[in-house]
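Observations on the three-dimensional arrangement
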Amino acid sequence: MILPIYIYGQPVLRKVTEDIEPENYPKLNELIDNMFETMYHADGVGLAAPQVGLTDRIFVVDLSPVASEEHPEFRDFKRVFINAHITERSGEMELIEEGCLSIPGIHEKVPREGEIRIEYFDEHMQPHNERYSGYMARVIQHEYDHLDGKLFVDKISPLRKRMIQNKLTGMEKGKVVCDYKIRTVR
Ligand code: NI
């Protein structure tokens, strides 16, 4: 089922999410399926629970749509991150353009660390402790930020923030055009 994506200005996007207990979450598989379906429908490569209105510590990533000859490893990179916690960030800061399904039509350069280590459980509740770098580290950090109520526009330069402020203010008031199902504040 395709869920509406919550848009900038929705209070849930600013909530810090909480770890889930799978035994208290009988519809976990259904949620994961719906999150992937919602993400594919909107042409995204990542989606976090707050973007569908939930305060659970879950996000999904599928990099296969951006796989290339240069990056064949993205082809099989479909992951569910449950109760995710980044335990290390290192490497050079890199400035790369990002977008977000909750902030349609805005793309800005965002500084992020080049390498991370993350602990999480997959959809079978198997624990993982993995290191990522490059684009994978970037997408994971973007989605992970959603779990802490942070958005990429919080991290852009003050000048660029001023340049897009009118658009953001419009979004907060429900002024947004996009071709997937959304839920604005009004
Ligand atoms: Ni996002």
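The paragraphs below set out a description of the structure included in this document. No experiment lies behind these values; they were computed from the predicted model shown.

Conventions used here
Residues numbered from 1 in each chain as written. Predicted model: local features only at pLDDT ≥ 70, side-chain atom pairs only at ≥ 80, totals over all residues. Heavy atoms only, no water. Donors = N, O, S within 2.8 Å, 3.2 Å for Na, K, Ca; no water. Buried < 20%, exposed > 50% of the residue type's maximum accessible area, 1.4 Å probe, protein only. Helix = DSSP H or I, 4+ residues; strand = E, 2+ residues; numbered from the N terminus. Polar contact = N/O pair within 3.5 Å; in protein donor to acceptor, adjacent residues only side chain to side chain. Contact = heavy atoms within 4.5 Å. Salt bridge = Lys/Arg side-chain N within 4 Å of Asp/Glu carboxyl O. Disulfide = S-S within 2.5 Å. Bend = angle between axes of the 7 residues up to and from the residue. Expected span 1.5 Å × (residues − 1). Pairing = 2+ DSSP bridges.

What about the coordination of the nickel ion?
Around the nickel ion, the protein contributes the donor atoms Cys-100 (SG), His-142 (NE2) and His-146 (NE2), at 2.1 to 2.3 Å from the metal centre. The class of His-146 is buried, set by a relative accessible area of 1%.

A few points about the side chain of Ser-102
Relative to the elements of secondary structure, Ser-102 occurs in the loop between strand 4 (78-98) and strand 5 (108-121). Separated by 2.8 Å, the side chain of Ser-102 and the backbone oxygen of Tyr-6 make a polar contact. When near neighbours in sequence (up to four residues on either side) are disregarded, Ser-102 contacts Ile-5, Tyr-6, Ile-7, Tyr-8, Leu-13, Gln-51 and Met-171.

Notes on the pattern of salt bridges
By the definition in use, this model includes 9 salt bridges. One salt bridge in this structure joins Arg-160 and Glu-108, with 2.7 Å as the shortest N-O distance. Separated by 52 residues along the polypeptide, Arg-160 in helix 3 (residues 158-172) and Glu-108 in strand 5 bring together distant segments of the chain. Between Arg-131 and Glu-115 there is a salt bridge, with its nearest N and O atoms 2.7 Å apart. Of this pair, Arg-131 sits in strand 6 (residues 127-133) while Glu-115 sits in strand 5, and the two are 16 residues apart along the sequence. For Arg-131, a relative accessible area of 49% corresponds to the partly exposed category. Through salt bridges with shared partners, a single network forms among Glu-98, Arg-112, Arg-138, Asp-145 and Lys-155.

Some words on the environment of Val-110
The topology assignment puts Val-110 in strand 5. Look at Val-110 and you get buried, because its relative accessible area is 0%. Sequence spacing of Val-110 and Glu-23 is 87 residues, and the spatial spacing of their C-alpha atoms is 37 Å. Residues contacting Val-110, with those up to four places away along its chain left out, are Glu-94, Leu-95, Ile-96, Glu-98, Arg-138, Phe-152, Lys-155 and Ile-156.

Re the state of the cysteines
Under the criterion given, the structure shown has 0 disulfides. Cys-178 carries a free sulfur, and the closest cysteine sulfur to it, the one in Cys-100, is 11 Å from it.

Considerations on helix 3
In an α-helix, one turn spans 3.6 residues, which is why side chains three or four residues apart end up on the same side. Most pronounced at Ile-164, the bend in helix 3 amounts to some 50 degrees. Among the residues of helix 3, Ile-164, Leu-168, Gly-170 and Met-171 are the ones counted as buried. Contact partners of the buried residues in helix 3: strand 5.

Some details on helix 2 (residues 134-147)
Its 14 residues place the ends of helix 2 21 Å apart at the C-alpha level, agreeing with the 20 Å of an ideal helix rising 1.5 Å per residue. Along helix 2, 12 of the 14 residues are buried, which leaves the element largely enclosed by surrounding structure. Those residues of helix 2 not exposed but buried are Met-136, Ala-137, Arg-138, Val-139, Ile-140, Gln-141, His-142, Glu-143, Tyr-144, Asp-145, His-146 and Leu-147. Elements that come into contact with the buried residues of helix 2 comprise strand 2 (46-48), strand 3 (58-62), strand 4, strand 5 and strand 6.

Points about unusual backbone geometry
Even without glycine at this site, Asp-43 takes up a positive phi of about 60 degrees. Its location among the elements puts Asp-43 in the loop between helix 1 (28-41) and strand 2. Look at Asp-43 and you get exposed, because its relative accessible area is 72%. The phi dihedral of Met-125 falls on the positive side, at around 60 degrees, and the residue is not glycine. Its place among the elements puts Met-125 in the loop between strand 5 and strand 6.

Describing the environment of Leu-168
The topology assignment puts Leu-168 in helix 3. For Leu-168 and Tyr-8, which are 160 residues apart along the polypeptide, the C-alpha to C-alpha distance reads 7.3 Å.

Details of the pairing of strand 5
Inspection of the sheet shows strand 4 paired to strand 5 by 12 bridges, in the antiparallel sense. Bridge pairing links Glu-88 to Arg-117 in strand 5. Looking at chain direction, strand 5 and strand 6 are connected through 7 bridges and run antiparallel. Looking across to strand 6, one finds that Glu-115 is bridged to Ser-133. Counting the residues between successive antiparallel strands, the hairpin from strand 5 to strand 6 contains 5 residues, one of them, Met-125, with a positive phi of roughly 60 degrees.

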